[in-house]
Amino acid sequence: MNDICQSYKDELQRLEASGNLRKLPSVVHDGKWVIDGGRKMLNLSSNDYLGLSTDKALRQEFISNRMTEECLFSSSSSRLLTGNYTIYDRLETLLADLFGAESALVFCSGYHMNTGILPAVTDSTTLILADKLVHASIIDGIRLSQAQCVRYRHQDYKQLEMLLQKHKDNFSRIIIVTESIFSMDGDIAPLYKLVDLKKMYPNVMLYVDEAHAIGVRGDNGLGIAEEQGCIHDIDFLCGTFGKALSSVGAYVICRKAIREFLVNRMRTLIFTTALPPVNVAWTYFIVEHLSQMKERRNALNLVSSRLRDALRVKGCDVASESHIVPMIVGKSSDTILKAEEMQRKGFYVLPVRPPTVPEGTSRLRFSLTAAVSEEEVGRLIEVL
Ligand SMILES: *Cc1c(COP(=O)(O)O)cnc(C)c1O
């Protein structure tokens, strides 16, 4: 009899043979450590960049000031129906105030954000110019849109300028899309350059995803846009709550008209159940404290620069300027072996392979957090 799953099984075998088969890791967490197969390892694969999600005291403070009736675990509805609890409006007002912007809008996740905004604000007369290395959720957003799209070489702004020149009169609108800190290389986009480019044309807008930078960079933790002084020049200033902010969800900082338009047109906002109010309350609590977390930001910057410097001394080509520090190995199978070796030595680091990164650039991706001590990063450098 024909096995209707045979083609899936064949593909899985191909993935296994090329070292690219993925499995869901079953790890047990213990603060900043993870335990797997009886081995306790320092978690160097987490996005808990400020160490907030493993901070018990912080959680305690949040819970002890909360009444049971405030702890709603479901919104039971889309925000457009009855799911729009007041905590949503409070969070959006807080965000808009912090950024000094007209408005903010909150979503269920970064994936919802990126797959929802781009299809909503574009049509067939729009051109999207996206960095070659933008996150999969942005790619999916582009795919779901009616817009045409050209991907420019990673951070090649000469090419971007040429594309703008060539297409400026052929489209009603052009949107430049980039991340600020890039997920896989940890390098940083000079947003001020993109702002200068955009300002040369009346029909060009700028979309920036700060998923890895919010909380971590800038004096008040508002991201690279704050650090580079261009918050007000970015049309869609996006970020997520699931990484440094130790919560769940995402936001865009934008003009009022854009917010209103999204509320009317953004399918991933309209057709999904709103986040549970208790999660939004926790996000509010964290965002309120964000400007006071300078010490954590400094600690993270310190361990990150130590690791980057050490890798450079070892002759590695390190493009990173952040707490995301990849060590490129090359072949997927070699990368898996290296990751296993690191795990045996007590450091939980994971291999990143195609299709997440380009073929032949499989890597170990160290994702540092403020919970990693100087002594621990010193030991890591020794065993590398
Ligand atoms: C993690 C990430 C997302 C997705 O955010 P979630 O809230 O986890 O869905 C989007 N964009 C970038 C650049 C990311 O790194």
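For the structure, see preceding data.
Reference entry: report on the structure contained in this document. Here the structure is a predicted model, which is why all the values come from computation and not from measurement.

## A look at the packing of helix H2 (residues 56–64) against helix H11 (residues 277–289)
Link 1 in the chain: One can describe the packing of H2 onto H11 by two numbers: an axis separation of 11 Å at closest approach and a directional angle of 120°. Taken together, H2 and H11 sit at an angle that is classed as oblique. As for the relative orientation of H2 and H11, their crossing is right-handed in sense. On H11, the residues touching Leu58, Arg59, Glu61 and Phe62 of H2 are Val278, Ala281, Trp282, Phe285, Ile286 and His289.

## With respect to the site of the ligand
Link 1 in the chain: Neighbouring the ligand are 13 residues, the closest being Gly110, Tyr111, Asp209, His212 and Lys243.
Link 2 in the chain: Contact between the ligand and Tyr111: an oxygen atom at 2.9 Å from a main-chain N or O atom of the residue.
Link 3 in the chain: Between Asp209 and the ligand, the recorded distance is 2.7 Å, taken from a side-chain N or O atom to a nitrogen atom.
Link 4 in the chain: In the complex, the protein chains occlude 82% of the 380 Å² of accessible area that the ligand would expose alone.
Link 5 in the chain: For the shell around the ligand, the leading source of residues is helix H4 (residues 110–121), giving three residues.
Link 6 in the chain: Looking at side-chain class alone, the shell around the ligand contains two nonpolar, eight polar and three charged residues.

## A closer look at the packing of aromatic side chains
Link 1 in the chain: For the coordinates displayed, the defined rule picks out seven aromatic pairs.
Link 2 in the chain: When the centroid spacing of 6.0 Å and the interplanar angle of 40° are considered together, the rings of Phe99 and Tyr251 count as tilted. Within this pair, whereas Phe99 is found in helix H3 (residues 86–99), its partner Tyr251 is found in strand S10 (residues 250–254), the two being separated by 152 residues in sequence.
Link 3 in the chain: For Phe99, a relative accessible area of 3% translates into the label buried.

## Observations regarding the sheet that holds strand S3 (residues 39–43)
Link 1 in the chain: Reading across from one edge, S1-S2-S3-S12 is the order of the four strands in this open sheet, with mixed pairing throughout. The open sheet has two edge strands, strand S1 (28–30) and strand S12 (347–348), and neither has a second partner.
Link 2 in the chain: Note: S3 against S12, two bridges, orientation parallel. Following the sheet pairing, Leu42 is matched in S12 by Phe347.

The rules we used
Residues numbered from 1 in each chain as written. Predicted model: local features only at pLDDT ≥ 70, side-chain atom pairs only at ≥ 80, totals over all residues. Heavy atoms only, no water. Axes fitted to C-alpha atoms, helices over the stretch in contact; angles between N-to-C directions. Helix = DSSP H or I, 4+ residues; strand = E, 2+ residues; numbered from the N terminus. Parallel < 35°, antiparallel > 145°, perpendicular 65-115°, else oblique. Left-handed = near helix turned anticlockwise from the far one by under 90°. Contact = heavy atoms within 4.5 Å. Near = heavy atom within 4 Å. Polar contact = N/O pair within 3.5 Å; in protein donor to acceptor, adjacent residues only side chain to side chain. Areas by Shrake-Rupley, 256 points an atom, 1.4 Å probe, with all protein chains shown as cover. Nonpolar A, V, L, I, M, F, W, Y, C, P; charged D, E, K, R; others polar. Phe/Tyr/Trp six-rings, centres within 6.5 Å; stacked < 30°, edge-to-face > 60°. Buried < 20%, exposed > 50% of the residue type's maximum accessible area, 1.4 Å probe, protein only. Pairing = 2+ DSSP bridges.

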